[in-house]
Amino acid sequence: MSRTIIRGGLVITATEEIRADVLVDGERIAGLLAPGAAEHWDATARVLDATGHYVIPGGVDAHTHMEMPFGGTFASDTFETGTRAAAWGGTTTIVDFAIQPPGGSPREGLDTWHAKAEGRCAVDYGFHLILSDVGEQALKEMDGLVGEGITSFKLFMAYPGVFYSDDGRILRTMQRAADNGALVMMHAENGIAIDVLVEQALAEGRTDPRVHGQVRHPLLEAEATHRAIQLSRVAGAPLYVVHVSAAEAIAEITRARDAGLDVFGETCPQYLFLTVDELARPGFEGAKYVCSTPLRPAEHQASLWQALRTNDLSVVSTDHCPFCFTSQKELGLGDFSKIPNGMPGVEHRLDLLHHAVVEGRISRRRWVELASTTPARMFGLHPRKGSLAPGADADVVIYDPAAEQVLSAETHHMNVDYSAYEGKRITGRARTVLSRGEVVVDDGRYLGRAGHGRFLPRDTCQYLT
Ligand code: URP
Ligand code: ZN
Ligand code: ZN
Ligand code: ZN
């Protein structure tokens, strides 16, 4: 087993910033030593020079959709291409969503997703499970799945006829979760009301991508968020609200948290850095920015940044769900409701959040906390992931805080024909990335391999008492 010393960097975790050398023994962190002291540990160890760089735990992206079936097509990143792109950006763990198939069981969904991912991933991966058809059998299976490390389940209040669950099914799932320790993740948008607005818009001949942002009203996100919170209270279960974008929805989460409830919220870089104006781009280009919840008017962003500071939103994941503009997004030409929902992002989450550090919006420790440590704890992966403590997996990023990069489809590694941030200048970049002790990216070279990444059975949420 090889040993590595990461020397001379500023080690940043969720709780501290210290000058230290990081010792890696095989797949694990062996310890942190005062600068220079590591030579006495093992004179034969490989040395990675981190002078002038940050040393942080690898990113944990708790919300991705590789190869996700949606609207008659599949998200364009496979587990192979998507996890490779994640590695390029310093994300060394993803938690993707397996889906209960229509008319099938959660177990079948999980088996299908295991088959897609096994032997293909560049970095470690876990699964949540999307429950699309909650019945007695599905609820029973949930208990066993929790025991196998599938400890979180996503429900949809949106997409009637596809993934949608009504309030009764949501309540039953939450009651089961209160018993078996699972965390219910909620796509909180009132899909029934949205579908009425979609139908009315199309009948009026309003068909272009801008309308996507109009029919998915912020109040319909807030209403669903409120309802999900009340249902979770009745069930006595914790709740994690995914891809929060509306200020009014944040207010609901904040109120719940102020009342002491186990309600958690996540947002994504697209809501922090892009606005609904993107949907108005000419030539159907707005379709590139169609995702749900939708991008919002700029005034929502102040609430998002504030909630990230106050911890009313505690995780930033990507909701990476890429569809190529040509051939996939174009399925919605002439009918915005047929544009596959989702945006690419798995590669640049750490960089965009680091950019927020540079802009003075969040601290360096908060950057690590939002992108790595809290998602690891939220989804039962800590301290193995999201930490540089002795015994943790040696998922480490040597991050260059001064590197300049311009985001572009020309240079990104995601399997999608556009960048949502084309031309955006970013300060900061992952220089060297280790996944369980193996260098997978170094100075612009990819050294990883499909199949290095392993499935991660997860514990239950570590924020619950
Ligand atoms: O538009 C999105 N978010 N697509 C992925 C599926 C989901 O709802 O997370
Ligand atoms: Zn969703
Ligand atoms: Zn999603
Ligand atoms: Zn450098």
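Residues numbered from 1 in each chain as written. Chains lettered and ligands numbered in written order. Predicted model: local features only at pLDDT ≥ 70, side-chain atom pairs only at ≥ 80, totals over all residues.

On to the environment of Asp 319. Following the sequence through the fold, Asp 319 ends up in the loop between β17 (315-316) and α11 (349-358). With sequence-adjacent residues up to four places away left out, Asp 319 is seen in contact with His 63, His 243, Cys 268 and Cys 291. (Helix = DSSP H or I, 4+ residues; strand = E, 2+ residues; numbered from the N terminus. Contact = placed C-beta atoms within 7 Å.)

Another aspect to go through is the sheet that holds strand β6 (residues 46-49). With mixed pairing, four strands are arranged side by side in an open sheet as β5-β4-β1-β6. Pairing within the sheet leaves two strands with one partner each, and these edge strands are β5 (28-33) and β6. With direction set aside, neighbouring strand axes in the sheet form an average angle of 20°. As defined by bridge partners, strand β4 (residues 21-25) adjoins β5 across five bridges and the pair is classed as antiparallel. Looking at β5, one finds that Leu 23 is bridged to Gly 31. (Pairing = 2+ DSSP bridges. Axes fitted to C-alpha atoms, helices over the stretch in contact; angles between N-to-C directions.)

Taken in spatial order, the eight strands of this open sheet run β8-β11-β12-β13-β14-β15-β16-β17, and their pairing is parallel. The open sheet terminates on both sides in strands that have one partner only, identified here as β8 (59-64) and β17. Relative to strand β13 (residues 152-156), strand β12 (residues 124-130) runs parallel, the two sharing two bridges. Bridged to Leu 129 within β13 is Phe 153.

When two helices pack together, their arrangement is given by the angle between the helix axes and the distance between those axes. The contact between helix α4 (residues 167-180) and helix α7 (residues 218-235) brings their axes to 8 Å, and the two run at 45°. Taken together, α4 and α7 sit at an angle that is classed as oblique. With respect to the hand of their crossing, α4 and α7 are arranged in right-handed fashion. Residue-level inspection shows Asp 167, Ile 170, Leu 171, Met 174, Gln 175 and Ala 178 of α4 in contact with α7, the latter providing Leu 231, Ser 232, Val 234 and Ala 235. For the contact of α4 with α7, the per-class residue count stands at seven nonpolar, two polar and one charged. (Parallel < 35°, antiparallel > 145°, perpendicular 65-115°, else oblique. Left-handed = near helix turned anticlockwise from the far one by under 90°. Nonpolar A, V, L, I, M, F, W, Y, C, P; charged D, E, K, R; others polar.)

So, about the UniProt feature "domain: Amidohydrolase-related" (unreviewed entry) in the chain. The sites that carry the UniProt feature "domain: Amidohydrolase-related" (unreviewed entry) are, in the present numbering, residues 54-414. Here residues 54-414 is 38% helix and 17% strand, with 25 Å between the C-alpha atoms at its ends. (UniProt positions renumbered as here; feature names shortened; annotations may be inferred.)

The next point concerns the nonpolar core. In this structure, Val 22, Val 184 and Met 186 are the most contacted members of the largest nonpolar core, which totals 142 residues. With seven residues, the top contributor of residues to this core is α7. Those residues in contact with Val 184, other than ones at most four positions away along the chain, are Phe 153, Leu 155, Thr 173, Met 174, Ala 177, Ser 232, Ala 237, Leu 239 and Tyr 240. (Core = buried A, V, L, I, M, F, W, Y, C linked by C-beta atoms within 7 Å. Buried ≥ 20, exposed ≤ 12 C-beta atoms within 10 Å, placed from the backbone.)

What follows is about the environment of Gly 205. By the element assignment, Gly 205 lies in the loop between α5 (191-203) and α6 (210-215). In this structure the C-alpha to C-alpha distance between Gly 205 and Gly 334, which are 129 residues apart in sequence, comes to 9.2 Å.

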